Amino acid sequence: MRDPIATLRNRWSDSDARTDGGSATESERSLLSRDSVRSAPFWLPPFLLVGLFVYGAVVWNFLLSLTDFSGIGEPDYTDLDVENYLVAFADPIDGLLSTVGMGGEVNGATPAWSDLTVEPVWNSLGNTIALMVGFSAVCLALGLLLAILVDRGIRFENTFRTIYLLPMSLSFVVTAKFWLYMYNPNTGLINVALGVVGIGPVQIVQNPDLKLAAVAFALIWQFSGYAMIVYLAALRGIPSSHFEAARVDGASTVKMYWRVIIPQLRTATVSALVVITVFALKAFDFLFSMYGGYQPGPSADILATRMVREAYANQNWAYGSTIAVILFVMALCIVAPYVYSQYRRGDL
Amino acid sequence: MSSDTNETGRSRRSVLASAAAVGATGLAGCSSLTGGGGGPDNPIQLLHAWSSGDGNAAIAALIEGFQEAHPDVEFAEEPVNGAARGNLDQVIGNRLQANDPPSTFQTWPGATLEKFGDAYASIEEDVWTDEVEENYLPGPKKQAKLDGTYVTVPLNIHRINNLFYNTAVLDEAGVDPESLSSPADVVEACAAVAENTDAVPFAQQTSGTWSTVQLWETALLAQAGVDGYTAFTEGEGDVEQVRAALEHVVELSEYYPSDASSISFTEANTMVMEGDAAFIHQGDWAAGAYSGNDEFNYGEDWGQVTYPGSEGSYLLNMDSFPYFDNNPSPEATKTFLSYCASTEGQVLFNREKGSIPPRKDADVSELNTFQQDQYEDFTGADSQPPSIQHGLAVSTGIKTNITSAFSGFLEDYDVDATAEALVGAFE
């Protein structure tokens, strides 16, 4: 498809042409013969469908978050306000501090649409960010390490690659049940391994200090293979002359990767990061299966579980939409810099 | 040739006639949608989540019995797969948003009815006849009402305040289950099991919150009595009583399996069956698993006592079929609900489900010995308080708060914070 800005520019120049006295039939013909118009049957239907069902739904969800919609019935769009956002971010300073483990108790508020106190989102927001940062940082580091190792021309390279990538093909439900077993204090492999080095059986699944880390660890196991594949592809794209030049200049292996190779993996890092953090935002299925519902407990409660709880258990649709908007903005914050950098480099 | 023509003619006519009939049915459907009623009904749309196991056998038996009794009423059974009530509620919620309710669906009665409150209609005259009303006990009757009006038909009762035990393990430990008379006695019995046997004293799962909420509500009932329990469910609970019940749970948690947080209810229950655990506190669906095992027999290998301290109470967990306003099949639905309110339907259903009929005049001779004993307890019970965990006692918003409080409790067993959160769940 042509660059939309170029298309726009053409259109302007066309209308200029008309004021210059070009005949209408000519401009009509040129309008119809334009690439973007002639290809419209191909791009317009999906464009409209995506516009309606994705971006339309996003806008609708945002509108819903401004209403007082709860229970069954129809939302009332005549009385829109940001009350739900005020409830969600009640007590901003203490709330923000509490997400980093400081600050006092944050009290919930009772919005107009509820008889019960509604808690702000600080706790689940903090957990979501912690999970996102911890999981994606380790996942990328591990993926890079694996990619470099696999790229070193080891034997059974393909076999290793498949083994590392395999967990990604499993669904969250399977991995959650699997890790529930892995973390079992009596029979789970993690505790058996810890036992070998003399660390006696540890309660993990319901341990408030380890819960979120345990979830992140399981997700790392599942997705570091993906990071590896992305890095591997990028490594294969680097000409071998770069490696050779570094060698000739006397760089050690570590230095070669650190100074020459890794800086060239920037694009791969950003694209893997985007996908991986979005997986972290969606860890709902994992928590749902592991804790048998959308109540994983305060130390592992993320925005996604909170959202489903508000929307489907309590039927607080408007408040659920509010949390969905917060999640959407978070995802946008991750994707936007990526899209912008791609745009700057002219890749978009 | 002419007969051929006649044939075609007739078949054309019959096609036309059936098309007209379909149209008429559609119209009748429309008129019933607008509340007009009359004319032939649409088939009954029954949505439930009993897609496997004993629940599936039970609903199949109920529908089969109904169809034998009412061959003229059509059924369009639509089980919602996933076997989770949560999914079912979402489906119902979506259909109600679209103003397209089914005939009826599987739901907890009691406070859970508030969730779709406005969508139900009264069946006081058509289903809850005097004969039906006389034969339900006060507890289940109260749960069948929304704001004082009958809108649903309770179909079965699972009891929550049970303590199941493995006879051989208790014999070895020298514990007589019949002698236990208070929650504190259970803790002592667990200590004796821990001392005298290799078995885990109290099988429990803690990866999900539900088993712990059940245990706590049973402890609250046993310690604070029906009055204290009811006061809590009405939002006027005494924080000291709540705390005492939580402390009982903490004491018992010392005797849980060491991997309680990683196992499921099924695994915990299997521990009792295999003699690896002495006690389990559960709803009487636990017994359903025992009855599937030929070498684990009621009275010989396992037994059940009312949770010590809660004698005289039958802590209710029920399923029910409510009646939706704007019903796609008004008459047929009422006929079906009346069948569910009959002893015949209830016995057919509960024989498979392992629960007991909510009517007090059922002929339970077809049920197994354990169910008969439970039924005797039920009809002789002084009170039938509704379960909190199983959605009867509190509305869904409050229940979410209570579950949240317990999801925190399972992390650190902080009695004070949880007690405050529980009392605060109503605010």
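Not measured: the values here are computed from a predicted model. (Residues numbered from 1 in each chain as written. Chains lettered and ligands numbered in written order. Predicted model: local features only at pLDDT ≥ 70, side-chain atom pairs only at ≥ 80, totals over all residues.)

Caption draft 1: Seen up close, the overall build of chain A. Regarding its fold elements, chain A presents 17 helices and 0 strands. Expressed as a percentage of its 348 residues, the buried residues of chain A come to 32%. (Helix = DSSP H or I, 4+ residues; strand = E, 2+ residues; numbered from the N terminus. Buried ≥ 20, exposed ≤ 12 C-beta atoms within 10 Å, placed from the backbone.)

Caption draft 2: Region of interest: the overall build of chain B. Scanning chain B from N- to C-terminus turns up 16 helices and 11 strands. Put simply, 76% of the contacts in chain B that link residues at least 6 apart link residues at least 24 apart. (Contact = placed C-beta atoms within 7 Å.)

Caption draft 3: A look at the environment of phenylalanine 53 of chain A. Looking at the element boundaries, phenylalanine 53 of chain A is found in helix H4 (residues 40-65). Placed 117 residues apart in sequence, phenylalanine 53 of chain A and leucine 170 of chain A show a C-alpha to C-alpha distance of 28 Å.

Caption draft 4: The arrangement of the interface of chain A and chain B in detail. Each partner contributes to the interface: chain A provides 28 residues, whereas chain B provides 30 residues. Sorting the residues of the side of chain A that touches chain B by element identifies helix H9 (172-182) and helix H16 (303-313) of chain A as the ones contributing at least two each. Considered class by class, the residues forming the side of chain A that touches chain B number 14 nonpolar, 13 polar and 1 charged. (Nonpolar A, V, L, I, M, F, W, Y, C, P; charged D, E, K, R; others polar.)

Caption draft 5: Molecular detail of unusual backbone geometry. All names here are of chain B. Backbone geometry at asparagine 326 places phi at a positive 60 degrees, although glycine is not the residue there. Among the residues examined, asparagine 326 registers 15 C-beta atoms within 10 Å and is labelled partly exposed. The backbone of tyrosine 413 shows a phi angle near 50 degrees, a positive value even though the residue is not glycine. The residue tyrosine 413 is located in the loop between helix H15 (396-412) and helix H16 (415-424) in this model. On the basis of neighbour count, tyrosine 413 is assigned to the partly exposed category, with 17 C-beta atoms found within 10 Å.

Caption draft 6: Seen up close, the sheet that holds strand S9 (residues 277-280) of chain B. Residue and element names in this part refer to chain B. Ordered by their spatial adjacency, 4 strands build an open sheet running S8-S9-S7-S10, and the pairing between neighbours is mixed. Across the chains shown, the open sheet's two edge strands, defined by having one partner strand only, are strand S8 (200-203) and strand S10 (302-306). Adjacent strand axes in the sheet meet at a mean angle of 25 degrees when their direction is disregarded. The sheet contact formed by strand S7 (residues 162-166) and S10 spans 5 bridges and is antiparallel. In the strand pairing of S10, asparagine 166 is matched with tryptophan 302. Here helix H7 (residues 183-196) sits on the sheet and contacts S7, S8 and S9; the angle it forms with S8, its principal contact strand, is near 135 degrees. (Pairing = 2+ DSSP bridges. Axes fitted to C-alpha atoms, helices over the stretch in contact; angles between N-to-C directions.)

Caption draft 7: Spotlight on the nonpolar core. Ala203, Leu220, Ala277, Ala278, Phe279, Leu337 and Ile402 of chain B are the most contacted members of the largest nonpolar core, which has 116 residues in total. With 10 residues, helix H8 (residues 210-233) of chain B is the single largest residue contributor to this core. Not counting chain neighbours up to four residues away, the residues in contact with alanine 277 of chain B comprise Asn166, Ala199, Val200, Ala203, Pro257, Met271 and Val272 of chain B. Membership of the second largest hydrophobic core comes to 73 residues, among which are Leu144, Ala227, Ile323 and Val325 of chain A. (Core = buried A, V, L, I, M, F, W, Y, C linked by C-beta atoms within 7 Å.)

Caption draft 8: Structural view of the pairing of S7 of chain B. Residues and elements named next belong to chain B. Of all 5 residues in S7, 5 are buried, a share of seventy percent or more. Alternating residues of S7 divide into Asn162, Phe164 and Asn166 and Leu163 and Tyr165, and every residue in both groups is buried. Note: S7 against S9, 2 bridges, orientation antiparallel. Looking at S9, one finds that tyrosine 165 is bridged to phenylalanine 279.

Caption draft 9: Broad picture of H16 of chain A. Most of H16 of chain A is tucked away: 10 of the 11 residues are buried. Turning to H16 of chain A, its buried residues number three or more, namely Leu303, Ala304, Thr305, Arg306, Met307, Val308, Arg309, Glu310, Ala311 and Ala313 of chain A. In the core, the buried residues of H16 of chain A are packed alongside helix H7 (122-151), helix H14 (266-281), helix H15 (284-290) and helix H17 (317-344) of chain A together with H15 of chain B. Glutamine 315 of chain A sits one or two positions beyond H16 of chain A and adopts a positive phi of about 55 degrees.

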